[in-house]
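What the coordinates show
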Amino acid sequence: GERRLLEALLHHPESLAEVRELVGPDDFAEPSHAALAAWIWAGGSGWPAEDEAAALARELMASEPQDWQAEARGFARQLLLRRLRRQRGEKEQALGRAPGPEAVAALLHEIEELAKAIKEVDFQIKSTSH
């Protein structure tokens with residue numbers, strides 16, 4: 001997902017504004033992907049200064065034409081879904097360490113909101129993949 005999103009953004013940089021609303025460079029787990037994402041988000045031109053990110057950019061730019069805008073939107077949503085699931089898991093783990101009923105109630109509310117967001121993003125992914 002990360003590579004495909006970067007590939008789509010390199011081929012269709014006009015998608016960056018929409019993608020920024022969903023994810024950022026910190027959502028990329030692979031260090032070379034995060035470095036290339038940071039370069040893209042910063043409005044880099046030419047090739048990234050970092051060798052690994054530059055090599056990745058060249059590799060991704062050599063791919064075949066596709067609907068890059070749809071690719072960018074779809075893979076950004078997948079990264080967003082991964083982040084939301086991770087955040088929900090962290091909140092669920094924090095429940096066991098909550099200092100009192102008010103903290104538990106607040107965490108449960110956050111978990112519920114994250115679950116709603118996960119459901120919405122999951123629906124968006126599924127509805128556009130058909």
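Please refer to the structure higher up on the page.
Residues numbered from 1 in each chain as written. Predicted model: local features only at pLDDT ≥ 70, side-chain atom pairs only at ≥ 80, totals over all residues. Heavy atoms only, no water.

Bringing a negative patch on the surface into the picture now. Residues Glu30, Glu50, Asp51 and Glu52 make up a contiguous surface patch of negative charge. By the secondary structure assignment, Glu50 is in the loop between helix H3 (31-41) and helix H4 (51-61). (Patch = residues over 30% accessible without salt bridge, like charges linked within 9 Å, V, L, I, M, F, W, Y side chains within 5 Å. Areas by Shrake-Rupley, 256 points an atom, 1.4 Å probe, with all protein chains shown as cover. Salt bridge = Lys/Arg side-chain N within 4 Å of Asp/Glu carboxyl O. Lys, Arg positive; Asp, Glu negative; His and termini not counted. Charge placed at Lys NZ, Arg CZ, Asp CG, Glu CD. Helix = DSSP H or I, 4+ residues; strand = E, 2+ residues; numbered from the N terminus.)

Moving on, we get to the environment of Gln87. Relative to the assigned elements, Gln87 resides in helix H5 (residues 68-95). Judged by its relative accessible area of 26%, Gln87 is partly exposed. Between the C-alpha atom of Gln87 and that of Ile111, which follows or precedes it by 24 residues, the distance is 8.5 Å. (Buried < 20%, exposed > 50% of the residue type's maximum accessible area, 1.4 Å probe, protein only.)

Let us now look at the packing of aromatic side chains. Applying the stated rule across the entire model yields one aromatic pair. A centroid spacing of 6.0 Å and a plane angle of 75° characterise the contact between Phe28 and Trp41, whose relative ring orientation is edge-to-face. Taken together, the residues span a long stretch of sequence, with Phe28 in the loop between helix H2 (16-20) and H3 and Trp41 in helix H3 at a distance of 13 residues. For the pair shown, Phe28 and Trp41 are each scored as buried. Over the face of the ring belonging to Trp47 we find Arg58, whose NZ or CZ atom lies 5.1 Å from the ring centre. (Phe/Tyr/Trp six-rings, centres within 6.5 Å; stacked < 30°, edge-to-face > 60°. Lys NZ or Arg CZ within 6 Å of the ring centre and 35° of its normal.)

Let's shift gears to the environment of Ser15. Residue placement: Ser15 occurs in the loop between helix H1 (2-11) and H2. Residue class for Ser15 comes out buried when judged on its relative accessible area of 2%. Expressed as a C-alpha distance, the spacing of Ser15 and Glu52, which sit 37 residues apart in the sequence, is 23 Å.

What follows is about the nonpolar core. Counting residues in hydrophobic clusters, the biggest one holds 30 residues, and the most contacted among them are Leu5, Leu36, Ile40 and Trp41. Every element with two or more residues in this core is listed here: H1, H2, H3, H4, H5 and helix H6 (101-128). For this core, the element with the highest residue contribution is H5, accounting for eight residues. If near-sequence neighbours (up to four positions away) are discounted, Trp41 is found in contact with Leu9, Leu16, Val19, Arg20, Val23, Gly24, Pro25 and Phe28. (Core = buried A, V, L, I, M, F, W, Y, C linked by side-chain atoms within 4.5 Å. Contact = heavy atoms within 4.5 Å.)

Right, let's get into the packing of H1 against H3. Relative orientation of the contacting elements H1 and H3 amounts to 25°, with a least axis distance of 11 Å. Classified by the angle between their axes, H1 and H3 sit roughly parallel to one another. The interaxial crossing formed by H1 with H3 has left-handed handedness. Contact residues: Glu2, Arg3, Leu6, Leu9 and Leu10 in H1; His33, Leu36, Ala37, Trp39, Ile40 and Trp41 in H3. Here the residues of the contact of H1 with H3 sort into eight nonpolar, one polar and two charged. (Axes fitted to C-alpha atoms, helices over the stretch in contact; angles between N-to-C directions. Parallel < 35°, antiparallel > 145°, perpendicular 65-115°, else oblique. Left-handed = near helix turned anticlockwise from the far one by under 90°. Nonpolar A, V, L, I, M, F, W, Y, C, P; charged D, E, K, R; others polar.)

So, on to the side chain of Glu7. With respect to the helices and strands, Glu7 occurs in helix H1. The residues touching Glu7, leaving out its near neighbours within four places in the chain, are Leu60, Ser63 and Trp68.

With that settled, the discussion passes to H5. The end-to-end C-alpha distance of H5, which contains 28 residues, comes to 41 Å, matching closely the 40 Å that a straight helix rising 1.5 Å per residue would cover. When we look at burial in H5, the residues that qualify are Trp68, Glu71, Ala72, Phe75, Ala76, Arg77, Leu79, Leu80, Leu81, Arg83, Leu84 and Ala94. Against the buried residues of H5 lie H1, H2 and H6. (Expected span 1.5 Å × (residues − 1).)

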